[in-house]
Amino acid sequence: MAIELIKTGVPGLDNVLKGGLRRNASILVTGAPGTGKTILALQFVYYGAKDFNEIGMFITTEENHEDIKQFARNLGMDIESMESEGRIFLMQKPLIALKGGMSSMKGLLALIKKHNIRRIALDSMTFFEYLYSKFEINKTEYRRQVLMFMHELKKAQVTFMTVSERSVTDIDKLEYDMMDFVFEGFILLSRIRKGSYFERVLTVAKMRGQDHSLDVYPVSIGIDGFKVLYDQTPFSL
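Let me sum up the structure you'll find in this document. (Residues numbered from 1 in each chain as written. Predicted model: local features only at pLDDT ≥ 70, side-chain atom pairs only at ≥ 80, totals over all residues. Heavy atoms only, no water.)

1. Quick look at the overall build of the chain
Consideration 1: Of the regular secondary structure elements, the chain holds seven helices and 11 strands.
Consideration 2: A separation of at least 24 residues holds for 68% of the contacts in the chain among residues at least 6 apart in sequence.
Consideration 3: Total accessible area on the chain is roughly 11,700 Å²; 51% of this is exposed by carbon and sulfur atoms. (Helix = DSSP H or I, 4+ residues; strand = E, 2+ residues; numbered from the N terminus. Contact = heavy atoms within 4.5 Å. Areas by Shrake-Rupley, 256 points an atom, 1.4 Å probe, with all protein chains shown as cover.)

Here is the structure:
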């Protein structure tokens, strides 16, 4: 049976993925600060609703709604209009207010099902770390709890993208964390230095169940958002 792919809404990324993301997959976008993780996740939700009629939700743990709206506006995304039409939901989950355990997820899952939400972006994985920090659980149990949440999203037919920060993003020296193996897709954003010049790049490390390119691609971030320059080779390489 042929797999169903959905468009990401990120110019050039679907070319790298040879068609798009597998529907209902869970994707981790990781990288150092300033590499474009939040922008990529925001575009995934915004253009999913705008161009592909898939209701989306963007969950933030560190930014407030107004900052997210202004941030999006500066990149050509009118999230306010989409929010007023009920096509995008912005949810703020401050870390200091998080309550532990799966019980705190019930309201979120109910909202997802009520509004037929199909795309969710979470900024960032710190959400889970704080959510379960009050419980003295080992790494295996923590991993199990995250897998349970993603299983519920998959049952609700949600394609899920979350971002995480990483201190080492050198592609040749990358060390994988336990949580990297939990997600079906793993996209790495990095900066490569060439003399006094830094260049942002993207590579897809894995995308379970589908073919994709393993090359390293330059990316640009401008007033029109995040783009993968899939037909170019990074100057820094």
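Structure shown, so let's carry the discussion forward.
2. Observations concerning the sheet that holds strand β3 (residues 26-31)
Consideration 1: Taken together, nine strands build an open sheet; the order of strands is β5-β4-β6-β7-β3-β8-β9-β10-β11 and the sheet is mixed. In this open sheet, the two edge strands, each paired with only one partner strand, are β5 (88-92) and β11 (225-228). Going across the sheet, the axis of each strand differs from the next one's by a mean of 20°, ignoring polarity.
Consideration 2: Of the strand pairs in this sheet, strand β4 (residues 56-60) and β5 are connected by five bridges, and their pairing is parallel. From the neighbouring strand, Phe 58 faces β5, where its bridge partner is Leu 90.
Consideration 3: Docked against the sheet, helix α5 (residues 106-114) engages β4, β5 and β6 (119-123), running at close to 155° with respect to β4. (Pairing = 2+ DSSP bridges. Axes fitted to C-alpha atoms, helices over the stretch in contact; angles between N-to-C directions.)

3. What about the nonpolar core?
Consideration 1: Judged by nonpolar contacts, the single largest core of 39 residues is most densely connected at Leu 202, Phe 226 and Val 228.
Consideration 2: The leading source of residues in this core is helix α2 (residues 37-52), at nine residues.
Consideration 3: In this structure, Val 228 is in contact with Val 10, Pro 11, Gly 12, Leu 13, Val 16, Leu 202, Tyr 217, Pro 218 and Val 219, ignoring residues within four places of it in sequence. (Core = buried A, V, L, I, M, F, W, Y, C linked by side-chain atoms within 4.5 Å. Buried < 20%, exposed > 50% of the residue type's maximum accessible area, 1.4 Å probe, protein only.)

4. Focus: the packing of α2 against helix α3 (residues 65-74)
Consideration 1: At a minimum axis separation of 11 Å, α2 and α3 run at an interaxial angle of 85°. By the angle class used here, α2 and α3 are roughly perpendicular. Residue-level contacts link Thr 38, Ile 39 and Leu 42 of α2 to Ile 68, Phe 71 and Ala 72 of α3.
Consideration 2: Class assignment of the residues belonging to the contact of α2 with α3 gives a composition of five nonpolar, one polar and no charged. (Parallel < 35°, antiparallel > 145°, perpendicular 65-115°, else oblique. Nonpolar A, V, L, I, M, F, W, Y, C, P; charged D, E, K, R; others polar.)

5. Overview of the environment of Phe 183
Consideration 1: Within the secondary structure layout, Phe 183 lies in the loop between β7 (159-165) and β8 (185-194).
Consideration 2: Along the chain, Phe 183 and Met 207 lie 24 residues apart, while their C-alpha atoms are 8.9 Å from each other.

6. Quick word on unusual backbone geometry
Consideration 1: Even without glycine at this site, Asn 116 takes up a positive phi of about 55°.
Consideration 2: Its place among the elements puts Asn 116 in the loop between α5 and β6.
Consideration 3: The exposure class of Asn 116 is partly exposed, given its relative accessible area of 41%.
Consideration 4: Its identity as a non-glycine residue notwithstanding, Gln 157 has a phi of 65°, on the positive side.
Consideration 5: Within the secondary structure layout, Gln 157 lies in the loop between α7 (139-155) and β7.

7. Here we look at the packing of aromatic side chains
Consideration 1: The tally for this structure, following the rule as stated, stands at two aromatic pairs.
Consideration 2: With a centroid separation of 4.8 Å and an interplanar angle of 85°, the aromatic rings of Tyr 46 and Tyr 47 are classed as edge-to-face. Per residue, the accessibility class of Tyr 46 equals that of Tyr 47, and both read buried.
Consideration 3: Ring geometry for Phe 149 versus Phe 160: centroids 5.9 Å apart, planes at 85°, classification edge-to-face. Within this pair, whereas Phe 149 is found in helix α7, its partner Phe 160 is found in strand β7, the two being separated by 11 residues in sequence.
Consideration 4: The class of Phe 160 is buried, set by a relative accessible area of 2%. (Phe/Tyr/Trp six-rings, centres within 6.5 Å; stacked < 30°, edge-to-face > 60°.)

8. Digging into α5
Consideration 1: Of the positions making up α5, those classed as buried are Leu 108, Leu 109 and Ile 112. Projected onto a plane normal to the axis of α5, the buried residues spread over an arc of 95° and lie on a single side. Exposed residues lying more than 90 degrees from the buried face of α5 are Lys 106 and Lys 114.
Consideration 2: Looking at the residues trailing α5, positive phi occurs at Asn 116, about 55°. (Arc of directions from axis to C-beta.)

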